[in-house]
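Reading the structure
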Amino acid sequence: MKKKNTTMEYSKAFTILGIVLVLFIGIGFIFISNVKKDFHEQEKHLPGSAITVYMNDLKAQNYDAIYENSLLVEPHYNSKEAYVKKIASIYDGVNLDALEYETTDNSDGSVLVKLFDQKHFLTTLKLIKVDDTWLATTLFDQSQTKYYIEASEGVSLEVNGIPLKLDALVAQDVVASNFVAMNNEALAPRVDRYELLNLLEAPTVTVVGSDASSYGTLTDVTNGTIYVGKVVNDADLAKTMVDYAETCASFTANDTGLNSVLGISVSSSDWVKRIRTLQTQWFTKHSIAEFSNQRAFNLIQQSEDTVIGYTSFDFYAANSEVSRTWNAGYQMSIVKENGKWKIGAMGVCSGLNPENEYAIVE
């Protein structure tokens, strides 16, 4: 009987020991899990974690996250499509696991990380802490094209769907760029001017607000400035611009005199100064002169008495020996002076004519 009791006591002891071991193992597992979880939470507070997350996003082509984080780290106005295309081109064919790093701490708390691919400089990352978490983004070449936007005061704008911030405002209540050469501020529209830096492509600019649908944009063919204004749907005004374009072309072809152009132009403008000295003797004498496919389009009202728009036309001239057709286009800024529309500025651009292979508009 004693032996049996002893066996039972040993059995109980091993059972208790087993239970204790299981408890310790369980407690240890819970402890380790908590440590791992805590370490993961702490890692987010370290700059290096941003690189790890960023590289993982690149490998997984998680471009949505990369783009959204870029707007926080280094705010910009690039579209997602243009941004992703640029990112993909930078890291195309690169072994992300073999990159080498060189870091620099900045006084503002950010960190710059130069990336090297097989000892060759690849690009630079910028790391900043946002809401207690480190984020990274790729910095692009700062020499990318800049763009300007001009709009009336109080007009709210978006660039590629991103709200335009006041820090992009570089000039307020100034003469619109396309009317500066008119040399008459009393007649010129006043606008606010915004500068967009480091864009990867021409931006899409839209107006936001209850009357947004009434606005449109026009890109200056001479300097790339994007003008914002009310869309003009006025058949009479469009015909006036077509008539003015024909008059200017006819003068160039020696089919009408200088006074016909001066009569439809603002006398103080640089345009008039140029037209006065324009040499037209080179144009071959002809017996036939015909216009076709005339149109005025994309008319934008910059103020109550000013409009900018495109015109295009085909001009055919011939004599008994030769003939030729010119596919021409003008950008025309007109202003109402003493109740009559007049040309304040002109820009010649054959790319406005859809007949040309290099046409810039449809």
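Residues numbered from 1 in each chain as written. Predicted model: local features only at pLDDT ≥ 70, side-chain atom pairs only at ≥ 80, totals over all residues. Heavy atoms only, no water.

A word on the confidence of the model for the chain
Overall, the predicted model of the chain reaches an average pLDDT of 89, with 86% of residues at or above 70. Segment residues 35-42: pLDDT under 50, and zero contacts once partners within four positions in sequence are set aside and those in other chains are kept. (pLDDT = per-residue confidence, 0-100. Contact = heavy atoms within 4.5 Å.)

Re helix H2 (residues 47-59)
Under the 1.5 Å per step criterion, the end-to-end length of H2 is 19 Å for 13 residues, consistent within 8% with the ideal 18 Å. What H2 keeps buried is the set Ser49, Ala50, Ile51, Tyr54, Met55, Asp57 and Leu58. Positioned one or two residues after H2, Gln61 has a phi angle of 55°, which is positive. (Helix = DSSP H or I, 4+ residues; strand = E, 2+ residues; numbered from the N terminus. Expected span 1.5 Å × (residues − 1). Buried < 20%, exposed > 50% of the residue type's maximum accessible area, 1.4 Å probe, protein only.)

Remarks on the environment of Ile264
Positionally, Ile264 belongs in the loop between helix H6 (258-262) and helix H7 (270-276). Along the backbone, Ile264 and Trp341 are 77 residues apart, and their C-alpha atoms lie at a distance of 7.4 Å. Not counting residues within four places of it along the chain, the set of residues in contact with Ile264 comprises Tyr244, Thr247, Lys342 and Ile343.

Quick notes on the environment of Lys86
Take Lys86: it is sitting in helix H4 (residues 80-90). Sequence-wise, Lys86 and Phe140 are 54 residues apart; in three dimensions their C-alpha atoms are separated by 8.7 Å.

Regarding the sheet that holds strand E10 (residues 205-207)
With respect to topology, three strands assemble into an open sheet ordered E7-E6-E10, the strand pairing being antiparallel. Looking at the sheet topology across the chains shown, the edges are occupied by strand E7 (162-163) and E10. When strand E6 (residues 157-159) meets E10, the two strands line up antiparallel, connected through three bridges. Bridge pairing links Leu157 to Val207 in E10. (Pairing = 2+ DSSP bridges.)

Here we look at the packing of aromatic side chains
Throughout the structure, instances matching the rule amount to 11 aromatic pairs. A centroid spacing of 5.1 Å and a plane angle of 35° characterise the contact between Phe283 and Trp326, whose relative ring orientation is tilted. Remark: Trp326 occurs in strand E15 (residues 323-337) and Phe283 occurs in the loop between H7 and strand E13 (288-303); sequence separation between them is 43 residues. Accessibility expressed as a relative area gives 23% for Trp326, which makes it partly exposed. Within the aromatic cluster, the residues linked to one another by ring pairs are Trp282, Phe283, Phe291, Phe313, Phe315, Trp326 and Tyr330. Between Arg193 and the ring centre of Tyr148, over which it is positioned, the NZ or CZ distance is 4.0 Å. If you follow Arg295 out to its NZ or CZ, it ends over the ring of Phe297, 3.8 Å from the centre. (Phe/Tyr/Trp six-rings, centres within 6.5 Å; stacked < 30°, edge-to-face > 60°. Lys NZ or Arg CZ within 6 Å of the ring centre and 35° of its normal.)

Focus: helix H5 (residues 235-252)
Taking 1.5 Å of rise per residue, 18 residues should cover 26 Å, and H5 covers 26 Å from first to last C-alpha, within 8% of that figure. Restricting attention to buried positions, one finds in H5 the residues Leu237, Ala238, Met241, Val242, Tyr244, Ala245, Cys248, Ala249, Ser250 and Phe251. Those residues of H5 that are buried lie in contact with H6, H7, E13, strand E14 (306-318), E15 and strand E16 (340-348). The N-capping residue of H5, defined by a side-chain oxygen 3.0 Å from the backbone nitrogen of Asp236, is Asp234. (Polar contact = N/O pair within 3.5 Å; in protein donor to acceptor, adjacent residues only side chain to side chain.)

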